[in-house]
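# Structural characterization, general
The residues making up each chain are set out below.
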Amino acid sequence: SSYWRELKPGEEGESGKNQFDEFIAEYNRLKAEYADVWDKYIEFLKNNKVTIYGYASIDRPPTDNIIGRYPGCQSNKNIKDYNQCLSEKRAQQAVKDIVAKIPELDGILVPVGGGQTDKFDGKNYTNATSSETYQNRRIYGVFPKYETTR
């Protein structure tokens, strides 16, 4: 299943599905605009992999035990270990979804689980509810800068 979801009622910001669709559209727009050098760009990317990070929010103390709802990460783990697994699965699914739409990126995108974090908005179980920490449940990646004289 995909992590590109619509916002729930009351959530703010842009939905993951919209962001995914915008990324695919922008990638395809750039590919068309730079068609004369696109093959060189793909070769550049093959030598400069793109890391896609997945993150989970911190909704409970890291040492609390949890089984979890996500089947791929269920076990007798603590929250920190569960969230690490969840973030890895999130990154893997993001890469899978992107490659399904843009096959030429297969082997270029590298999924990495960043574990639990509050670095995107500072919210965690000590200062927010689980429904308020959603900004930290995300996928993040940066393509390396490529310069060409065409």
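A brief structural summary. Keep in mind that what you see is a predicted model, and the values were worked out from it rather than measured. (Residues numbered from 1 in each chain as written. Predicted model: local features only at pLDDT ≥ 70, side-chain atom pairs only at ≥ 80, totals over all residues. Heavy atoms only, no water.)

### Notes on the overall build of the protein chain
A count of helices and strands for the protein chain gives three helices and five strands. Reading the secondary structure of the protein chain in the N-to-C direction produces α-α-β-β-β-α-β-β. Dimensions of the protein chain, computed from C-alpha atoms along their principal axes, come out at roughly 55 × 30 × 25 Å. The buried share of the protein chain, reckoned over its 150 residues, is 33%. Taking the intrachain contacts of the protein chain between residues at least 6 apart in sequence as the baseline, contacts between residues at least 24 apart amount to 64%. When the accessible area of the protein chain is evaluated, it comes to approximately 9,200 Å², of which 48% is carbon and sulfur surface. Separation of charge centres in the protein chain, based on 22 positive and 22 negative side chains, amounts to 4 Å. (Helix = DSSP H or I, 4+ residues; strand = E, 2+ residues; numbered from the N terminus. Buried < 20%, exposed > 50% of the residue type's maximum accessible area, 1.4 Å probe, protein only. Contact = heavy atoms within 4.5 Å. Areas by Shrake-Rupley, 256 points an atom, 1.4 Å probe, with all protein chains shown as cover. Lys, Arg positive; Asp, Glu negative; His and termini not counted. Charge placed at Lys NZ, Arg CZ, Asp CG, Glu CD.)

### Comments concerning the environment of Ala-128
Looking at where Ala-128 falls in the secondary structure, it is placed in the loop between strand E4 (109–117) and strand E5 (139–141). Sequence spacing of Ala-128 and Asp-21 is 107 residues, and the spatial spacing of their C-alpha atoms is 30 Å.

### Some points on the packing of aromatic side chains
Throughout the structure, instances matching the rule amount to 10 aromatic pairs. The interplanar angle of 20° and the centroid separation of 6.5 Å between the aromatic rings of Tyr-41 and Phe-44 together place this pair among those described as stacked. In this pair, Tyr-41 and Phe-44 are both assigned in helix H2 (residues 38–47), three residues apart and thus about one turn of the helix distant. Judged by its relative accessible area of 12%, Tyr-41 falls in the buried class. An aromatic cluster is present here, built from Phe-23, Tyr-27, Trp-38, Tyr-41, Phe-44, Phe-143 and Tyr-146 joined pairwise through their rings. The ring of Phe-120 carries Arg-138 above its face, with NZ or CZ at 4.0 Å from the centroid. (Phe/Tyr/Trp six-rings, centres within 6.5 Å; stacked < 30°, edge-to-face > 60°. Lys NZ or Arg CZ within 6 Å of the ring centre and 35° of its normal.)

### Description of the pattern of salt bridges
According to the stated counting rule, one finds eight salt bridges in the structure shown. In this structure, the salt-bridge partner of Arg-29 is Glu-33, at a minimum N-O distance of 2.6 Å. Pair noted here: Arg-29 and Glu-33 are both in helix H1 (residues 16–33), with a separation of four residues, about one helical turn. Taken together, the salt bridges that share partners define one network made up of Glu-26, Arg-29 and Glu-33. (Salt bridge = Lys/Arg side-chain N within 4 Å of Asp/Glu carboxyl O.)

### Quick word on the side chain of Asn-83
Tracing the chain through its elements places Asn-83 in helix H3 (residues 79–101). The class for Asn-83 is buried, based on a relative accessible area of 7%. Residues within four places of Asn-83 in sequence aside, it is in contact with Ala-56, Ser-57, Gly-115 and Gln-116.

### Thoughts on a nonpolar patch on the surface
There is a patch of nonpolar side chains on the surface, built from Tyr-53, Val-110, Val-112, Tyr-140 and Val-142 and spanning about 380 Å² of accessible area. Position of Tyr-53 relative to the elements: it lies in strand E1 (residues 50–57). (Patch = residues over 30% accessible without salt bridge, like charges linked within 9 Å, V, L, I, M, F, W, Y side chains within 5 Å.)

### A look at the packing of H1 against H3
Remark: H1 packs on H3, axes separated minimally by 11 Å, with the N-to-C direction vectors making an angle of 40°. Taken together, the axes of H1 and H3 lie oblique to each other. For the element pair H1 and H3, the recorded crossing hand is right-handed. Where H1 abuts H3, its residues Phe-20, Phe-23 and Ile-24 lie against Asp-97, Ile-98 and Lys-101. In terms of residue class, the contact of H1 with H3 is made up of four nonpolar, no polar and two charged. (Axes fitted to C-alpha atoms, helices over the stretch in contact; angles between N-to-C directions. Parallel < 35°, antiparallel > 145°, perpendicular 65-115°, else oblique. Left-handed = near helix turned anticlockwise from the far one by under 90°. Nonpolar A, V, L, I, M, F, W, Y, C, P; charged D, E, K, R; others polar.)

### Here we look at the nonpolar core
In this structure, Ile-42, Leu-45, Leu-105 and Leu-109 are the most contacted members of the largest nonpolar core, which totals 17 residues. Counting only elements with at least two residues in this core, the list comes to H1, H2, E1 and H3. In this structure, Ala-56, Ile-66, Ile-79 and Leu-86 belong to the second largest nonpolar core, which totals seven residues. (Core = buried A, V, L, I, M, F, W, Y, C linked by side-chain atoms within 4.5 Å.)

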